[in-house]
Amino acid sequence: MAGRAAEPPADVTLRRWAREQARLKASVVAEDTEEWQKDSGLTGLERVGGVDLSYIKGDDTRACASLVVLSYPALEVTVLYEDCRMVAVSAPYVPGFLAFREVPFLVEAVQRLQQEEPKLKPQVLLVDGNGLLHPRGFGVACHLGVLTDLPCVGVAKNLLQVDGLVRDELHREQVHSLQREGDTFPLRGASGGVLGMVLRSYNNSSKPLYISVGHRVCLETAVRLVKSCCRYRIPEPIRQADIRSREYIRKQLCSPLEVISSGPESRKKEAELDD
């Protein structure tokens, strides 16, 4: 089957998207707003959500949008809530504008949860992507956070090279210095600000995660939360959302078709969920 892809947007669309990002960015709150965030043990946090879109390999127009809610701190595989829906994706993937392709479906999933099971509303969402670590300081985790008014954390698997951040020899040496699970170092851009944190999340994997603020959480709390949610390299809420969206596609199509995750770093190869 030949692959299908959405048409690239016109320059006028990209300018409109950039203006929308700038408008919404003004609403980002890059600090803790919840009582559970103030406690070093995150006491009071009971529900953590994870979101993901998975695509059929070779077809950028059909995807499964997934939202799961896990109990915290148990993070039991039997989730509190699960919503998987096939969606028709019309916006193309453009670096820096992933939110316009995927966030509308994730917002709808959160809205369905609030209508159907309001008591299971997550207290925070972990998002496969970036937050403030973004060319215009407004990645998918910020976008989803502002539109849902939920605390959100960006969790990326690769470094987004912005504000002078590059995957050079120095960066590789810093990553190599992360010897143990929980080790971190800050991502300081050329402008002087700390844009995120690099985290070794799992002893059995030397590949780090790139954590950034999305909305209504500070970076320190975001890193502490992600650390506590990792049984493998990928935090369990995102990992379960990814697993369940892939399985949903396979069941819907009654076929062992290859499925790939969403996100700028996941489009060329499958996410390594268990490393």
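Numbering of residues begins from 1 in every chain and follows the order in which that chain's sequence is written. Confidence filtering applies because this is a predicted model: local features only for residues at pLDDT of at least 70, side-chain atom pairs given and counted only at 80 or more, and all residues used for totals across whole chains, interfaces and linings. Just so you know, side-chain values use all the structure's heavy atoms and leave hydrogens and water out.

## Brief notes about the packing of helix α2 (residues 98–116) against helix α3 (residues 140–148)
The cut-off we apply is this: Axes, fitted as lines to C-alpha atoms, cover a helix only where it is in contact. Angles between the N-to-C directions of the axes lie from 0 to 180 degrees. A run of DSSP states H or I qualifies as a helix once it reaches four residues; a run of E qualifies as a strand once it reaches two. Both are numbered from the N-terminal end. Left-handed describes a crossing whose near helix is turned anticlockwise from the far helix through less than a right angle; right-handed describes the clockwise counterpart. Contacts are residue-level and defined by heavy atoms, with any inter-residue pair within 4.5 Å sufficient. Put simply, Ala, Val, Leu, Ile, Met, Phe, Trp, Tyr, Cys and Pro go in the nonpolar bin, Asp, Glu, Lys and Arg in the charged bin, and everything else, Gly too, in the polar bin.
Interhelical geometry of α2 versus α3 gives an angle of 35 degrees and a closest axis separation of 10 Å. Of the two possible hands of crossing, α2 and α3 adopt the one that is right-handed. Side by side, α2 and α3 meet where Ala-99, Phe-100, Val-103, Leu-106, Val-107 and Val-110 of the first sit next to Val-140, His-143, Leu-144, Leu-147 and Thr-148 of the second. Within the contact of α2 with α3, the residues separate by chemical class into 9 nonpolar, 2 polar and no charged.

## Some points on the packing of aromatic side chains
Each pair of aromatic rings is reported with the distance of its centres and the angle of its planes. Put simply, the rule reads: Working definition: a ring pair exists when centres of Phe, Tyr or Trp rings (six-membered ring for Trp) sit within 6.5 Å. Plane angles under 30 degrees give stacked, over 60 give edge-to-face, the rest tilted. Each residue is placed in one exposure class: buried if its accessible area under a 1.4 Å probe, protein chains only, is under 20% of its type's maximum, exposed if it is over 50%, and partly exposed if it falls in between.
A full pass over the atoms with the stated rule returns 4 aromatic pairs. For the pair Trp-17 and Phe-97, a centre-to-centre distance of 5.7 Å together with 45 degrees between the ring planes defines the contact as tilted. Note that Trp-17 is positioned in helix α1 (residues 11–25) and Phe-97 in the loop between β3 (81–88) and α2, a separation of 80 residues in sequence. The exposure classification of Trp-17 matches that of Phe-97, with both residues buried. Between the aromatic rings of Trp-17 and Phe-100, the centroid separation amounts to 4.8 Å while the plane-to-plane angle is 5 degrees, which identifies the pairing as stacked. One end of the pair, Trp-17, is in helix α1; the other, Phe-100, is in helix α2, and 83 residues separate them in sequence. Of the two residues, Trp-17 and Phe-100, neither departs from the other in class, the shared state being buried.

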